[in-house]
Amino acid sequence: MSESVNNREPLLDISGLEVHFETRRGIARAVNEVDLTLYKGERFGLVGESGSGKTTMILALLRMIKTPGFIAGGKAVFDDGTDLLALNAEQVRQTRLKRVAMVPQGAMNSLNPVIRIGEQMMLTMREHGEEGERDELMARVVGLLEKVGLKPEAASLYPHELSGGMKQRACIAQAICLNPQLILADEPTSALDVVVQRQIMQTLRQLQIGLDATVLLVGHDMGLMAQFAERVGIMYGGKLVEVGTVSDIFRNPQHPYTQLLISSIPSFETRGDFKGIPGVALSLLDPPSGCLFHPRCPKATDACAQREPTLKEVSPGQWASCLLHEEEHDATAS
Ligand SMILES: Nc1ncnc2c1ncn2[C@@H]1O[C@H](COP(=O)(O)OP(=O)(O)OP(=O)(O)O)[C@@H](O)[C@H]1O
Ligand SMILES: [Mg+2]
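Computed from a prediction, not measured in an experiment: that's the story for all the values here. (Residues numbered from 1 in each chain as written. Chains lettered and ligands numbered in written order. Predicted model: local features only at pLDDT ≥ 70, side-chain atom pairs only at ≥ 80, totals over all residues.)

Read across the sheet, eight strands follow the order 5-6-7-3-8-9-11-10 without closing on themselves; strand pairing throughout is mixed. Lying at the two open borders of the sheet, with one neighbouring strand each, are strand 5 (100–103) and strand 10 (312–315). Taken over all neighbouring pairs, the strand axes of this sheet differ in orientation by 25 degrees on average, direction set aside. Inspection of the sheet shows strand 3 (residues 43–47) paired to strand 7 (residues 214–218) by four bridges, in the parallel sense. Paired with Gly45 across the two strands is Leu217, which belongs to strand 7. (Pairing = 2+ DSSP bridges. Helix = DSSP H or I, 4+ residues; strand = E, 2+ residues; numbered from the N terminus. Axes fitted to C-alpha atoms, helices over the stretch in contact; angles between N-to-C directions.)

The following block contains the structure:
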């Protein structure tokens, strides 16, 4: 999946990414052979029901998976050949914020409650090797706050003196303080009200364009996703089951799971929360044979319980992992 999209160059090539959690009842494959290329300057949205592996995938890219989880395989190679998954601890530290930064799930709680916002940002910059006088760094902090729509005075406030939306903006300012190439944002607005959500997504979008960074946004709200992202990936049970442009995914979904998701959204423009679909939720500890989705799939055939599909390009730039398409694909290829 590495040819250019909209004439963009690849930034990060993820292949065969596997993350396992060792539990008393066995191994859960939380991220299961994920292949995905992210392009320079694109906004990519990752959606999927709770437990489908979105956060785990982001944490793997940041090398932040904690026991009982571990990265069991795969690569995540930057355009200069650096494999994020092969770095040692010191190299990982140097990559954070400078190349890859995260706006975490529930980011607002990630600020230190007893340190003023400006001070926290300066500390972060220093920890990551930024030198310079206090005044110089503070001027940069103020510039960053302005970029995310906060007044300079916010620098001298404590987190509890900011509203939820303002705290979220401060977290975004912190994430971009060293001009990362890749920003991983895990449901950055899920705890906020709808109006504030939209404003923050707008800010994130302007920043992304200004920095020419790549943003991987995880979200539940399909409406917000449709507004923000250029391409979307759908995860099910740790697998990426479909990838395509927003308009292909919303107007012409190819995977039966995506089709069910899209049909459960009231309309393209309205806010549509990601809803569950019928059927028994997947157990990662006791996964079905063949295609993980087959027990819930309205289009499943006998073959789906036998064979595992892989992502295939079903139309230019749109990929789906479904045997229905594999058979078509095989038929046209032979
Ligand atoms: N500490 C843990 N121990 C055991 N299993 C875990 C642990 N953390 C995650 N998992 C497994 O990883 C799977 C994926 O979890 P993850 O948090 O990545 O999902 P998600 O898609 O981000 O969900 P959500 O939308 O709720 O944030 C879970 O279903 C669970 O099986
Ligand atoms: Mg999550």
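Further remarks concern the sheet that holds strand 4 (residues 69–78). Ordered in space as 2-1-4, the three strands form an open sheet in which the pairing is antiparallel. The strands lining the two open edges of the sheet, one partner per strand, are strand 2 (26–39) and strand 4. When the angles between neighbouring strand axes are averaged without regard to direction, this sheet yields 5 degrees. In this sheet, strand 4 lies alongside strand 1 (residues 10–23) in antiparallel orientation, the contact comprising eight bridges. Paired with Glu18 across the bridge in strand 4 is Gly73. Along the sheet, helix 1 (residues 54–61) makes contact with strand 1, strand 2 and strand 4, crossing strand 2 at roughly 70 degrees. (Contact = placed C-beta atoms within 7 Å.)

Pairing between strand 1 and strand 2: ten bridges, direction antiparallel. The residue of strand 2 that forms the bridge with Leu17 is Val34. Where strand 1 hands over to strand 2, the hairpin turn is made up of two residues, counted between the paired strands.

We now examine the site of ligand 1. Near ligand 1 you find 15 residues, and of these Ala30, Ser50, Gly51, Thr55 and Thr56 are the closest. Within the residue set of the shell around ligand 1, elements represented by two or more residues are strand 1, strand 2 and helix 1. Looking at the shell around ligand 1 element by element, the count peaks at three residues for helix 1. (Near = placed C-beta within 6 Å.)

Turning our attention to the domain arrangement of the protein. Along its sequence, the protein is organised into domain 1 (10–99 + 180–333) and domain 2 (103–179). Its C-alpha centre places domain 1 at a distance of 29 Å from the equivalent point of domain 2. Contacts between the two partners involve 18 residues from domain 1 and, on the opposite side, 20 residues from domain 2. Of all the secondary structure elements, the ones that give two or more residues to the side of domain 1 that touches domain 2 are strand 6 (182–186) and helix 6 (194–211). Top element by residues in the side of domain 1 that touches domain 2 is helix 6. It accounts for six residues. Residues of the side of domain 1 that touches domain 2, tallied by class, amount to twelve nonpolar, three polar and three charged. (Domains from an automatic or database assignment. Nonpolar A, V, L, I, M, F, W, Y, C, P; charged D, E, K, R; others polar.)

Residues that lie three or four places apart on an α-helix share one face, since the helix turns once every 3.6 residues. Over its 18 residues, helix 6 extends 26 Å from the first C-alpha to the last, a length consistent with the 26 Å expected when each residue adds 1.5 Å. Those residues of helix 6 that sit buried are Gln197, Ile200, Met201, Leu204, Leu207 and Gln208. Buried residues of helix 6 fall within an arc of 125 degrees about the axis and therefore sit on the same side. Seen from the open side of helix 6, the exposed residues pointing more than 90 degrees away from its buried face are Val195, Ile209 and Gly210. (Expected span 1.5 Å × (residues − 1). Buried ≥ 20, exposed ≤ 12 C-beta atoms within 10 Å, placed from the backbone. Arc of directions from axis to C-beta.)

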